[in-house]
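What follows is each chain in one-letter form.
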Amino acid sequence: MIIILYRIKPSIYQTQLTDFIGLESIEKYDMNVPKDYRIARKKFR
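Just so it is clear, the model here is predicted, and its values are computed rather than measured.

Asker: Would you explain the environment of Arg 41 in this entry?
Answerer: Counting through the fold element by element, Arg 41 comes out in helix α2 (residues 34-43). In this structure the C-alpha to C-alpha distance between Arg 41 and Met 31, which are ten residues apart in sequence, comes to 9.4 Å.

Have a look at this one:
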């Protein structure tokens, strides 16, 4: 599951195929934290 948290805009919750077959992994990015913001922007262009 990918979670992108925003302060003003609605947050994004995206489930992945691996969540349904039992290999649950959570990637959480808080866009108010500069480090998380840079990582998310590079990963999801």
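Asker: Would you explain the pairing of strand β1 (residues 2-5) in this entry?
Answerer: Regular strands show a simple pattern: their side chains alternate between the two faces of the sheet. In this structure, β1 lies alongside strand β2 (residues 12-14), joined through three bridges in antiparallel fashion. Residue pairing in the sheet places Ile 2 in a bridge with Gln 14 of β2. Hairpin connection of β1 to β2: six residues between the antiparallel strands.

Asker: Got a minute to help me understand the environment of Phe 20 in this structure?
Answerer: Residue position: Phe 20 is located in helix α1 (residues 17-20). Under the relative-accessibility criterion, Phe 20 is labelled exposed at 65%. Between the C-alpha atom of Phe 20 and that of Met 1, which follows or precedes it by 19 residues, the distance is 10.0 Å.

Asker: In this structure, what is going on with a positive patch on the surface? I would like to understand it.
Answerer: A contiguous patch of positive charge, built from Lys 9, Lys 35, Arg 38, Arg 41, Lys 42 and Arg 45, is present on the exposed surface. Tracing the backbone shows Lys 35 in helix α2. Of the residues examined, Lys 35 reaches a relative accessible area of 55% and is grouped as exposed.

Calculation rules
- Residues numbered from 1 in each chain as written.
- Predicted model: local features only at pLDDT ≥ 70, side-chain atom pairs only at ≥ 80, totals over all residues.
- Heavy atoms only, no water.
- Helix = DSSP H or I, 4+ residues; strand = E, 2+ residues; numbered from the N terminus.
- Pairing = 2+ DSSP bridges.
- Buried < 20%, exposed > 50% of the residue type's maximum accessible area, 1.4 Å probe, protein only.
- Patch = residues over 30% accessible without salt bridge, like charges linked within 9 Å, V, L, I, M, F, W, Y side chains within 5 Å.
- Areas by Shrake-Rupley, 256 points an atom, 1.4 Å probe, with all protein chains shown as cover.
- Salt bridge = Lys/Arg side-chain N within 4 Å of Asp/Glu carboxyl O.
- Lys, Arg positive; Asp, Glu negative; His and termini not counted.
- Charge placed at Lys NZ, Arg CZ, Asp CG, Glu CD.

Read these as layout, nothing more, since geometry by itself doesn't imply function.
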